[in-house]
Amino acid sequence: MRASVLAVGDWLRGQSRSEPGRQDLAEAVRGTARSLAASAPGASVEVRVPPFVAVQCIEGPRHTRGTPPNVVETDPRTWLLLATGLLDFRTAVDSGAVTASGIRAAELAHWLPVVPL
């Protein structure tokens, strides 16, 4: 997972203007999201990073049908900025780059960064 994040690191830091290839971006997003789910097992918060991945994490009431009550959703670049610690969760929510709904969604901040860059 770390290698996939390093492959897009220059782009995340703004040192490269060209977006990484779809495969590299997908690997970094999926790897960090799945690592989060492994570090924070549970199913009370769903993290969505379309079009690449959605994972459930953080212990608490399990959700099984319909739209989960606690959802965090963002684009791939913003997710990777959060996952690497280059962007603060509260700042991302306040700017509108992240949608966080439900009373437990903000608990995600405790589990970030996934892989410091």
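Residues numbered from 1 in each chain as written. Predicted model: local features only at pLDDT ≥ 70, side-chain atom pairs only at ≥ 80, totals over all residues. Heavy atoms only, no water.

1. A short note on the overall build of the protein
For the record, the criterion: Helix numbers and strand numbers start at the N terminus; a helix is a DSSP run of H or I with at least 4 residues, a strand a run of E with at least 2. C-alpha atoms define the radius of gyration in this analysis, and the globule rule sets the expected value at 2.2 Å times the number of residues to the power 0.38. Buried means the residue's accessible area, taken with a 1.4 Å probe over protein chains only, is under 20% of the maximum for its type, while exposed means over 50%, and partly exposed covers the values in between. Only heavy atoms enter the contact rule, under which two residues are in contact if any of them lie within 4.5 Å. Each accessible area is a Shrake-Rupley result for a 1.4 Å probe, and residues are judged covered by the shown protein chains and nothing else. Note on charges: Lys and Arg go in the positive column, Asp and Glu in the negative column, and His and the chain ends are not counted at all. All charge positions are set by atom: Lys at NZ, Arg at CZ, Asp at CG, Glu at CD.
A count of helices and strands for the protein gives 5 helices and 4 strands. Helices and strands appear in the protein in the N-to-C order α-α-α-β-β-β-α-α-β. For a compact globule of 117 residues, the expected C-alpha radius of gyration is about 13 Å, and the protein comes in at 14 Å, within 12% of that figure. Summarising its shape, the C-alpha atoms of the protein cover approximately 40 × 25 × 20 Å along the three principal directions. For the protein, buried positions account for 43% of its 117 residues. A fraction of 57% describes how many contacts in the protein between residues 6 or more apart in sequence connect residues 24 or more apart. When the accessible surface of the protein is split by element, carbon and sulfur atoms take 49% of a total near 6,100 Å². Charge separation in the protein, taken as the distance between the mean sites of 12 positive and 11 negative side-chain charges, equals 3 Å.

2. Some remarks on the packing of aromatic side chains
Put simply, the test is: Stacked, tilted and edge-to-face are the three classes assigned to paired rings of Phe, Tyr and Trp, where Trp is represented by its six-membered ring and a pair needs centres within 6.5 Å; plane angles under 30 degrees give stacked, over 60 edge-to-face, the rest tilted. Note on geometry: a ring has a charge over it if NZ (lysine) or CZ (arginine) is within 6 Å of the ring centre and within 35 degrees of the ring normal.
A full pass over the atoms with the stated rule returns 0 aromatic pairs. When the ring centre of Trp 11 is taken as origin, the NZ or CZ atom of Arg 77, which lies over that ring, is 5.1 Å away.

3. Here we look at the pattern of salt bridges
So the rule is basically this: Only one rule defines a salt bridge in this text: a Lys or Arg side-chain nitrogen within 4 Å of an Asp or Glu carboxyl oxygen.
Taken as a whole, this structure holds 5 salt bridges when the rule is applied. Its salt-bridge partner being Asp 10, residue Arg 13 comes within 3.7 Å of it at the nearest N-O pair. With a relative accessible area of 41%, Arg 13 lands in the partly exposed category. Glu 107 is the salt-bridge partner of Arg 104, the closest N and O atoms lying 2.8 Å from each other. Judged by relative accessible area, which is 17%, Arg 104 ranks as buried. Given the relative accessible area of 32%, Glu 107 is considered partly exposed. Through salt bridges with shared partners, a single network forms among Glu 46, Arg 48 and Glu 73.

4. Looking at the pairing of strand β1 (residues 45–49)
Threshold: Between any two strands, pairing holds if DSSP finds at least two bridges.
When you tally the buried positions in β1, you get 4 out of 5 residues, the bulk of the element. Sheet analysis places β1 next to strand β2 (residues 53–57), joined by 5 bridges and oriented antiparallel. The residue of β2 that forms the bridge with Arg 48 is Ala 54. Between β1 and β2, which pair antiparallel and follow one another directly, the connecting turn spans 3 residues. As paired elements, β1 and strand β3 (residues 71–74) share 3 bridges and run parallel to each other. Looking at β3, one finds that Arg 48 is bridged to Glu 73.

These figures capture arrangement, not role.
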